[in-house]
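Single-letter residue listing:
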Amino acid sequence: MIRAYDVPAVRAAEDAVRAQLPDGELMQRAADGLAAVVAARLSEEGTDQVVVLAGGGDNGGDALYAAAALASEAAEVVAVLVGPRTHEEALAAAESAGVAVEEWRAGAAPDGVVAALAEADVVVDGILGIGGRPGLPEHLAGLPDLISEAALVVAVDLPSGCDPAGEVRSDAIYADETVTFSLAKPVHLMPATEEAVGLLTVVDIGVPDPETPAVQRFSHTDVTGLWPVPAPGDDKYSRGVLGVVTGGEHYTGAAVLSVTAAMTAGVGMVRYVGPEAPTDLLRQAVPETVFGVGRVQAWLIGSGLDVEAASEEQLRAAREALASELPVLLDAGGLDLLDAPRPAPTLLTPHLGELLRLATRLGIPGPDGGELSQETVQQAPTVVARQVADRLHCTVLVKGAVTAVVSPSGSGVPTFTQADGPSWLATAGAGDVLGGICGALLAAGQDPATAGALGALVHGVAADRANPGGPVRALDVAHELGRTVAHLLRLPA
Ligand SMILES: NC(=O)C1=CN([C@@H]2O[C@H](COP(=O)(O)OP(=O)(O)OC[C@H]3O[C@@H](n4cnc5c(N)ncnc54)[C@H](OP(=O)(O)O)[C@@H]3O)[C@@H](O)[C@H]2O)[C@@H](O)CC1
Ligand SMILES: Nc1ncnc2c1ncn2[C@@H]1O[C@H](COP(=O)(O)OP(=O)(O)O)[C@@H](O)[C@H]1O
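Throughout, a residue's number is its position along its own chain's written sequence, starting from 1. Whichever chain is written first is A, and whichever ligand is written first is 1; the rest continue in order. Only residues with pLDDT of at least 70 are given local features in this predicted model, and only at 80 or more are side-chain atom pairs given and counted; all residues enter the totals for whole chains, interfaces and linings.

Trainee: Looking at this structure, how should I read the overall build of the protein?
Mentor: Secondary structure summary: the protein contains 16 helices and 18 strands in total. We compute the radius of gyration from the C-alpha atoms alone; for a globule the expected value is 2.2 Å times N to the 0.38, where N is the number of residues. Over its C-alpha atoms the protein spans a radius of gyration of 25 Å, differing by no more than 12% from the 23 Å that the globule rule assigns to 493 residues. Expressed along its principal axes, the backbone C-alpha trace of the protein runs to roughly 80 × 50 × 45 Å. Put simply, the protein has 493 residues, and 55% of those count as buried. Residues are scored as being in contact if the C-beta atoms we place from backbone atoms lie within 7 Å. Considering only intrachain contacts with a sequence separation of at least 6, the fraction spanning at least 24 residues in the protein is 70%. The helix count covers DSSP runs of H or I at least four residues long, the strand count covers runs of E at least two residues long, and both are numbered beginning at the N terminus. With C-beta atoms placed from the backbone, a residue is labelled by how many other C-beta atoms lie within 10 Å of its own: buried for 20 or more, exposed for 12 or fewer, partly exposed between the two.

Trainee: How do you make sense of the site of ligand 1 when you look at a structure like this?
Mentor: Nearness here is judged by the C-beta atom: place it from the backbone, and if it falls within 6 Å of a molecule or strand, the residue counts as near that partner. Around ligand 1 sit 23 residues, and of these Gly-57, Asp-58, Asn-59, Gly-129 and Gly-131 come closest. For the shell around ligand 1, the secondary-structure elements that each account for two or more residues are helix H1 (7–18), helix H2 (25–45) and helix H3 (58–70). Considering each element in turn, the shell around ligand 1 owes the most residues, 4 residues, to H3. For the shell around ligand 1, the residue count by class is 8 nonpolar, 9 polar and 6 charged. When residues are grouped by polarity, Ala, Val, Leu, Ile, Met, Phe, Trp, Tyr, Cys and Pro land in nonpolar, Asp, Glu, Lys and Arg in charged, and all others, Gly among them, in polar.

Trainee: Can you walk me through the UniProt feature "domain: YjeF N-terminal" (unreviewed entry) in the protein in this structure?
Mentor: UniProt positions are given in the numbering used here, feature names are shortened, and annotations may be inferred rather than shown by experiment. According to UniProt, the feature "domain: YjeF N-terminal" (unreviewed entry) maps to residues 10–213 in the numbering used here. For residues 10–213, helix accounts for 34% and strand for 18%, while the C-alpha atoms at its two ends are 10 Å apart.

Trainee: How should I be thinking about the pairing of strand E7 (residues 177–181) in this particular structure?
Mentor: Both faces of the sheet carry side chains from a regular strand, because those side chains alternate between them. Within E7, 4 of the 5 residues are buried, which leaves the element mostly enclosed by the surrounding structure. Only strands joined by at least two bridges in the DSSP assignment are considered to pair. With 3 bridges joining them, strand E6 (residues 152–156) and E7 adopt parallel strand pairing. Residue Val-154 lies in a different strand from E7, and its bridge partner there is Glu-177. Examined bridge by bridge, E7 and strand E8 (residues 199–203) share 5 bridges and lie parallel to one another. Residue pairing for E8: Thr-180 is matched across the bridge by Val-202.

Trainee: Where do I start with the packing of helix H8 (residues 252–265) against helix H16 (residues 474–490) in this structure?
Mentor: Between two packed helices, both the angle of their axes relative to each other and the distance between the axes serve to describe the pair. To obtain an axis, a line is fitted to C-alpha atoms, over the contacting stretch when the element is a helix, and the angle between two such axes runs from 0 to 180 degrees between their N-to-C directions. Where H8 contacts H16, the axes come no closer than 8 Å and their chain directions differ by 10°. As summarised for this structure, H8 and H16 are arranged roughly parallel, according to the angle between their axes. Note on element contacts: H16 touches H8 through Ala-474, Leu-475, Ala-478, His-479, Leu-481, Gly-482 and Val-485, opposite Leu-257, Thr-260, Ala-261, Thr-264 and Ala-265. Here the residues of the contact of H8 with H16 sort into 8 nonpolar, 4 polar and no charged. For classification, angles of less than 35 degrees are called roughly parallel, those exceeding 145 degrees roughly antiparallel, those between 65 and 115 degrees roughly perpendicular, and all remaining angles oblique.

Trainee: So what exactly am I meant to see when it comes to the pairing of strand E17 (residues 403–406) here?
Mentor: Along E17, one buried face is formed by Thr-403 and Val-405 and the opposite face, lined by Ala-404 and Val-406, is buried too. Bridging between strand E16 (residues 395–398) and E17 involves 3 bridges; their strand directions are antiparallel. Each bridged residue has a counterpart across the sheet, and for Leu-397 the counterpart in E17 is Val-405. Counted along the chain from E16 to the antiparallel partner E17, the turn is 4 residues long. With 3 bridges joining them, E17 and strand E18 (residues 415–418) adopt antiparallel strand pairing. By the bridge assignment for E18, Thr-403 is matched with Gln-418.

Trainee: Explanation requested: the site of ligand 2 in the structure shown.
Mentor: Inspection of the region around ligand 2 gives 17 residues, with Lys-399, Ala-401, Ala-426, Ala-430 and Gly-431 positioned closest. The greatest single-element share of the shell around ligand 2, amounting to 4 residues, is contributed by helix H14 (residues 430–443). The residue makeup of the shell around ligand 2, split by class, is 7 nonpolar, 8 polar and 2 charged.

Trainee: What's the story with the domain arrangement of the protein in this structure? I'm lost.
Mentor: Many structure descriptions define interface size as the accessible area lost when the parts assemble. Examined at the domain level, the protein breaks down into domain 1 (2–217) and domain 2 (220–490). Boundaries between domains were set according to an automatic or database domain assignment. The straight-line distance from the C-alpha centre of domain 1 to that of domain 2 is 39 Å. Contact residues are listed per partner, giving 13 residues for domain 1 and 15 residues for domain 2. In terms of residue count, the dominant contributor to the side of domain 1 that touches domain 2 is strand E9 (residues 215–217) (3 residues). Considering only residue class, the side of domain 1 that touches domain 2 consists of 8 nonpolar, 1 polar and 4 charged.

Trainee: Explain H14 here, please?
Mentor: In an α-helix there are 3.6 residues to a turn, and that puts residues three or four apart on one side. Here, expected helix span is obtained from the residue count minus one, scaled by 1.5 Å. Taking 1.5 Å as the rise per residue, H14 with 14 residues should run 20 Å; its terminal C-alpha atoms sit 20 Å apart, in good agreement. Burial within H14 is extensive, with 14 of its 14 residues counted as buried. Phi turns positive, to about 105°, at Gly-445, one or two residues after H14.

Trainee: Would you mind going over the nonpolar core with me for this structure?
Mentor: The tendency in soluble globular proteins is for nonpolar side chains to be buried as a group. What we call a nonpolar core is a set of buried Ala, Val, Leu, Ile, Met, Phe, Trp, Tyr and Cys residues whose membership is set by joining through C-beta atoms within 7 Å. One finds Val-52, Leu-64, Ala-66 and Ala-67 to be the most contacted residues of the largest nonpolar core, which totals 169 residues. The two domains that each donate at least three residues to this core are domain 1 (2–217) and domain 2 (220–490). The residues touching Ala-67, leaving out its near neighbours within four places in the chain, are Val-52, Val-77, Ala-79, Ala-94 and Val-99.

Trainee: How do you make sense of the UniProt feature "domain: YjeF C-terminal" (unreviewed entry) in the protein when you look at a structure like this?
Mentor: Within this numbering scheme, the UniProt entry marks residues 219–488 as carrying the feature "domain: YjeF C-terminal" (unreviewed entry). Across residues 219–488, helical content stands at 41% and strand content at 12%; the span's end C-alpha atoms are separated by 10 Å.

Trainee: Would you explain the sheet that holds strand E5 (residues 122–126) in this entry?
Mentor: Strand pairs in the sheet, formed through backbone hydrogen bonds, run parallel or antiparallel to each other. Read from one edge of the open sheet, 7 strands run E4-E3-E2-E5-E6-E7-E8, paired in parallel fashion. Among the strands making up the open sheet, the edge pair consists of strand E4 (100–103) and E8. Ignoring which end each strand starts from, the neighbouring axes of this sheet average 20° apart. Of the strands in this sheet, strand E2 (49–54), E5, E6, E7 and E8 touch H2, which is tilted by about 170° from E6. The strands that H3 touches are E2, strand E3 (76–81), E5 and E6; relative to E2, the one it contacts most, it runs at about 155°.

Trainee: Teacher, can you tell me more about the sheet that holds strand E1 (residues 2–4) here?
Mentor: Pairing is mixed across the open sheet formed by 11 strands, whose spatial order is E1-E9-E18-E17-E16-E15-E14-E13-E10-E11-E12. This sheet does not close on itself; its edge strands, each paired only once, are E1 and strand E12 (290–291). In this sheet, strand E11 (residues 269–272) lies alongside strand E10 (residues 241–245) in parallel orientation, the contact comprising 4 bridges. Pairing of Val-241 across the sheet is with Met-269, part of E11. Relative to the sheet, helix H15 (residues 448–466) contacts strand E15 (346–348), E16, E17 and E18, its axis offset from that of E18 by approximately 10°.

Listed below in structure tokens is the structure:
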């Protein structure tokens, strides 16, 4: 499990440790850890030109002390002071170690800075850390274009410009590697910001984990212990039966994809409710499917379901499921069926377009009070997802390269994010497969947040294993699930 802590919790944990240490010791540990990582990269690459960008806060202090430590490791270290102020002790240490200093506190970049950035092998981004607001300082808007394409960009704590809470996408430095100190922060794991982080390296500076994480991510080794594994006394009913209302006359394949995925992920039994075309197809493709309404432990409703054109039988089954006390997963067209909170566990699995449609239907406004836009949903997907979760008292899984599983405010459940799948997984029907996996987990008794996050993990790993490094089709991902679960269950805890 990877855990990330919000900024107030990080500051409190750091303050408690700092109070026990000599002045400046904690920052020195951070700077030494950062310098060791940069020195290792220089020696791996055989390179030696370093530019350190130092902002006005403690993040700039880390960067300048690291510059001082690197002065003996690199042929040239240039520190560029970009903040309205400078950490004076750290600057003095850098200067006395022989670091060349440039200033770029406003306006266009001075020629010396442009030249240094164009020639740099490694650029250390120490402009803003956890004290940063989203976006780069105005005069640094053009900075990313000045950094040599060939340079390795190492961010201190987080890429400058990123929202430390990871809620909002903004102009930022895109790092190849981010070196953080003892504790991961939401920025490192959230969909709006993770892409800018690159490789995350955690350097231990002796700050213990706070009690409550804000964001969590399952690792492969967490699957053992969470995945429902049958015992000798189990039968198909005790393992969980999933009722499935997916597909229709137009989207027949969605039924095959979702039911195949639920079966290969290990559900005890599937009861499918749908019209003739998907039913005929399922009889051929997944002969173990049972047809018609009956007793189930959870419902999967929606993938490939067009509510306007759905059969009477499907709509009746869906409405009865929503009125029941059973867990329900709503995907795609099924999202149109929920208007108010229900008293049982409910997991919604929209992609960004479906999230916009759903939030708009619920009357959730944009940040300016006007109508919600596609741009807002793209820039702040978890903010919108949380508003939906709060309105409907449900769990919202937002699909994407980084999939986020958001629970209602005040529920005490952290946001889960998973980034396990290759970009090849962005293919038609992949969401139907995810629905089948998460549905199987709900039927086995998992709570919606765990079912969503664990399902996303297994979905991503299966996509990779189905054809490592190359294209995959959704049905191949579904067929890979059984072997993927077996592989993950064999990993040592
Ligand atoms: N605490 C500890 O024990 C340890 C801390 N450590 C390190 O300290 C870092 C946190 O340092 P920090 O608190 O000084 O904040 P930091 O991110 O440097 O920002 C400074 C100032 O920038 C400004 N500003 C913000 N956003 C802006 C924007 N978009 N555009 C323009 N300006 C903006 C804003 O000032 P304002 O504008 O409000 O006057 C803000 O106050 C942390 O990430 C880690 O690297 C380590 O040494 C380990 C021990
Ligand atoms: N760039 C990406 N990298 C990895 N996974 C992705 C990427 N884009 C989308 N996905 C995953 O692919 C699936 C697509 O689902 P969805 O958009 O619902 O497709 P469909 O409706 O065709 O089934 C989701 O699980 C999503 O997380």
